[in-house]
Amino acid sequence: MDAKYITDKTPREEGFFFPAEWEKHKATWLAWPHNPTDWPDKLDTIRWVYCEIVRKISPGERIRMLVNNKQMENLARKYLSRSGANPNRVDFIIHPTNRGWTRDAGPIFVKSRSKSETAIVHFHFNGWAKYDDWQKDRKVPETAAKYLKKKLFIAQINGKPFVLEGGGIDVNGRGTLITTEECYLHPKIQVRNKAVGKEQFEETLKKYLGVSNIFWLGNGIKGDDTHGHVDDLCRFVNPTTLVMIKENNPKDVNYKPLAENWERIKDMRLEDGSKPEVIPLPMPAPLYFDGYRLPASYANFYICNDAVIVPTFNDPNDRVALGILSELFKDRTVVGIHAVDLVLGYGTLHCLSQQEPA
């Protein structure tokens, strides 16, 4: 770790906060796909999906693309050129990755309340407390800080690294954060921060993300490899409005946990004490691979400067979800990106991307 960029203080102490995703971006971070175990027998297909992601995001902002080496950069350039994406809108950064789920392992940027300055928080990715191939991914925030010459805050709790993934939280940029108990408070399964209770966890979020108000949902959706990430479940679309997925089939495995979250959210209050508006998003019909339920969800959309890219699943509800989100994001083009292959990796568009605020 390059000590030149590290600070011992917390973002809260220095007046930094985690801005909302719809606020102006300088760039979007991605990592070129290379691990065949993430998308069994589909890696080449996924490369073309990435080209489409770049094609939709890059007109409005730069892309920072992590690549393992120069050879991989040359491969990515070739695919992007053939797909009609503009490689000149992409900054290639050589940093070997294990898996490349940039939302969770990538740099989480915070912004100064008083100065025109951004910084990075290092949240010590550990493979969702499940896998053992995360050591390269964990170093991405360090590489990003060095590349951009940004201050790097080292998240700690009880003198140990504090583990958090970007997909496990969502914010309105005004002080309110949502997350799930399944992901961060479960006592036995995929425990990120051992012996850390709710109160201590909340205080650490406030220190490192500059939030003041935290609301807990219960469980995430079936098939979610991360054990309950909120970005497959419930998302802010503006400071006072959320969308939350709803399953209408009582026989579906997601029906009960989602119904319980709908009960919970009735009690939610924003940072000013007001009730948010909560709009239902449908679920696509179940998708399976090798008999395993995949976490297909329209909530895994990504908000960029010129567009909102939404995962679609060859499902009648694709049109419904795109219509709802189009009404909510009238200042951006809402566009679907085919994600039936992408979700084999247990994540889609939001999981793969991370915003760098302007």
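Check the entry above for the structure.
Keep in mind that what you see is a predicted model, and the values were worked out from it rather than measured.

A. Molecular detail of the overall build of the protein chain. Counting its regular elements, the protein chain contains 10 helices and 22 strands. Relative to the globule expectation of 21 Å for 358 residues, the C-alpha radius of gyration of the protein chain, 19 Å, shows essentially globular dimensions. Burial statistics for the protein chain: of 358 residues in total, 61% are counted as buried. Sequence-distant contacts in the protein chain: of pairs separated by 6 or more residues, those separated by 24 or more amount to 78%. In the form shown here, the protein chain has an accessible surface area of approximately 14,600 Å², with 47% of it arising from carbon and sulfur atoms. Each charge sign in the protein chain was given a centre, from 50 positive and 46 negative side chains, and these centres are 4 Å apart.

B. Here's a closer look at empty space enclosed by the protein. On inspection of all chains with the given rule, the structure shows 6 cavities of 30 Å³ or more. By volume, the largest cavity amounts to about 120 Å³. Along its surface, the largest cavity is lined by 14 residues, and Trp101, Trp128, Thr226, Gly345 and Tyr346 are the ones closest to its centre. Residues of the lining of the largest cavity, tallied by class, amount to 4 nonpolar, 4 polar and 6 charged. Counted as a void, the second largest cavity has a volume near 60 Å³. What lines the second largest cavity is simply Phe18, Glu21, Arg103, Gly166, Ile169, Asp170, Val171, His350 and Gln355.

C. Expanded view of helix H8 (residues 255-264). Every buried residue of H8 is accounted for by Pro257, Leu258, Asn261 and Trp262. The buried side chains of H8 occupy one side of the element, clustering within an arc of 145 degrees when seen end-on. Contacts from the buried residues of H8 go to strand E13 (213-217), strand E15 (241-245) and strand E16 (277-281).

D. How the structure looks around the pairing of E16. As judged from the 5 bridges shared by E15 and E16, these two strands associate in the parallel manner. Considered in E16, the bridge of valine 243 is made with isoleucine 279. In this fold, E15 hands off to H8, which returns the chain to E16; that crossover is right-handed.

E. A look at the sheet that holds strand E12 (residues 176-180). With respect to topology, 3 strands assemble into an open sheet ordered E11-E12-E13, the strand pairing being mixed. On the outer flanks of this sheet lie strand E11 (170-171) and E13, each paired with one strand and no other. Alignment of E12 against E13, held across 5 bridges, turns out to be parallel. Paired with threonine 176 across the bridge in E13 is asparagine 213. Packing against the sheet, helix H7 (residues 198-209) makes contact with E12 and E13, and its axis sits at approximately 130 degrees to E13.

F. Molecular detail of the sheet that holds strand E1 (residues 6-7). With mixed pairing, 5 strands are arranged side by side in an open sheet as E1-E8-E7-E6-E2. One side of each edge strand has no neighbouring strand; the edge strands of this open sheet are E1 and strand E2 (16-17). Note that strand E6 (residues 108-112) and strand E7 (residues 118-122) share 4 bridges and pair antiparallel. Opposite phenylalanine 109, over in E7, you have isoleucine 120 as the bridge partner. Relative to E7, helix H5 (residues 140-148) is tilted by about 160 degrees, and along the sheet it contacts E6, E7 and strand E8 (152-154). Sheet strands touched by H7: E2, E6, E7 and E8. Its angle to E6, the strand with the most contacts, is close to 65 degrees.

G. The arrangement of the layout of surface pockets in detail. Considering only enclosed or pocket space, the largest pocket measures out at about 230 Å³ in volume. The wall of the largest pocket is formed by 15 residues, among which Glu182, Ile221, Lys222, Gly223 and Asp224 lie closest to the centre. Here the lining of the largest pocket is composed, by residue class, of 4 nonpolar, 6 polar and 5 charged. Within this model, the second largest pocket holds a volume of roughly 160 Å³. Along the walls of the second largest pocket sit Arg138, Ile157, Asn158, Lys160, Pro161, Val163, Arg192, Asn193, Lys194 and Val196, which together make up its complete lining.

H. View of the packing of aromatic side chains. Overall, the coordinates contain 16 aromatic pairs when judged by the stated rule. Between tryptophan 128 and tyrosine 131, the aromatic rings sit 6.0 Å apart at their centres with planes inclined by 85 degrees, giving edge-to-face as the arrangement. Residue classification places tyrosine 131 among the partly exposed positions, given a relative accessible area of 27%. Taken together, the ring pairs in this structure connect Phe123, Phe162, Tyr184, Phe201, Tyr208 and Trp216 into an aromatic cluster. In this structure, lysine 246 packs its charged tip against the face of tryptophan 262, placed 5.0 Å from the ring centre.

Cut-offs applied
- The numbers attached to residues start from 1 for each chain and follow its sequence in the written order.
- Totals for whole chains, interfaces and linings use every residue, but because this is a predicted model, local features are given only for residues with pLDDT of at least 70 and side-chain atom pairs only at 80 or more, for both listing and counting.
- Side-chain measures here rest on the full set of heavy atoms in the structure, leaving out hydrogens and waters.
- Helix and strand definitions follow DSSP, with helices as H or I runs of at least four residues and strands as E runs of at least two, each counted in order from the N terminus.
- We compute the radius of gyration from the C-alpha atoms alone; for a globule the expected value is 2.2 Å times N to the 0.38, where N is the number of residues.
- To sort residues, take the accessible area from a 1.4 Å probe on protein chains only and compare it with the maximum for the residue type: under 20% means buried, over 50% means exposed, and anything in between is partly exposed.
- Pairs of residues are marked as contacts when any of their non-hydrogen atoms sit within 4.5 Å.
- Accessible surface area values rest on a Shrake-Rupley calculation with a 1.4 Å probe, where residue burial reflects the displayed protein chains alone.
- For this count, His and the chain ends are skipped, Lys and Arg are scored as positive, and Asp and Glu as negative.
- For this purpose, a charge sits on NZ of Lys, CZ of Arg, CG of Asp or CD of Glu.
- A pocket here means an open set of points on a 1 Å grid, computed over the protein atoms alone, that has protein on both sides within 12 Å along at least five of seven lines. A cavity is instead a set of points where a 1.4 Å probe fits but cannot get out; residues with an atom within 4 Å of a point line either one.
- Grid points are joined across faces, edges and corners, and a volume is the space filled by probe spheres set on the points.
- In this classification, Asp, Glu, Lys and Arg are treated as charged, Ala, Val, Leu, Ile, Met, Phe, Trp, Tyr, Cys and Pro as nonpolar, and every other residue, Gly included, as polar.
- What the arc covers is the set of directions going from the helix axis to the C-beta atoms.
- Paired strands are those between which DSSP finds at least two bridges.
- Every crossover in which the path from the first strand over the helix to the second runs clockwise, viewed with the strands pointing away from the viewer, is termed right-handed.
- All axes are obtained by fitting lines to C-alpha atoms, using only the stretch in contact for helices, and the reported angles, taken between N-to-C directions, cover 0 to 180 degrees.
- Here a Phe, Tyr or Trp ring, Trp counted by its six-membered ring, pairs with any other such ring whose centre lies within 6.5 Å, and the pair is stacked when the planes are under 30 degrees apart, edge-to-face when over 60, and tilted otherwise.
- Comment: the charge-over-ring label is applied if NZ (Lys) or CZ (Arg) is within 6 Å of the ring centre and within 35 degrees of the ring normal.

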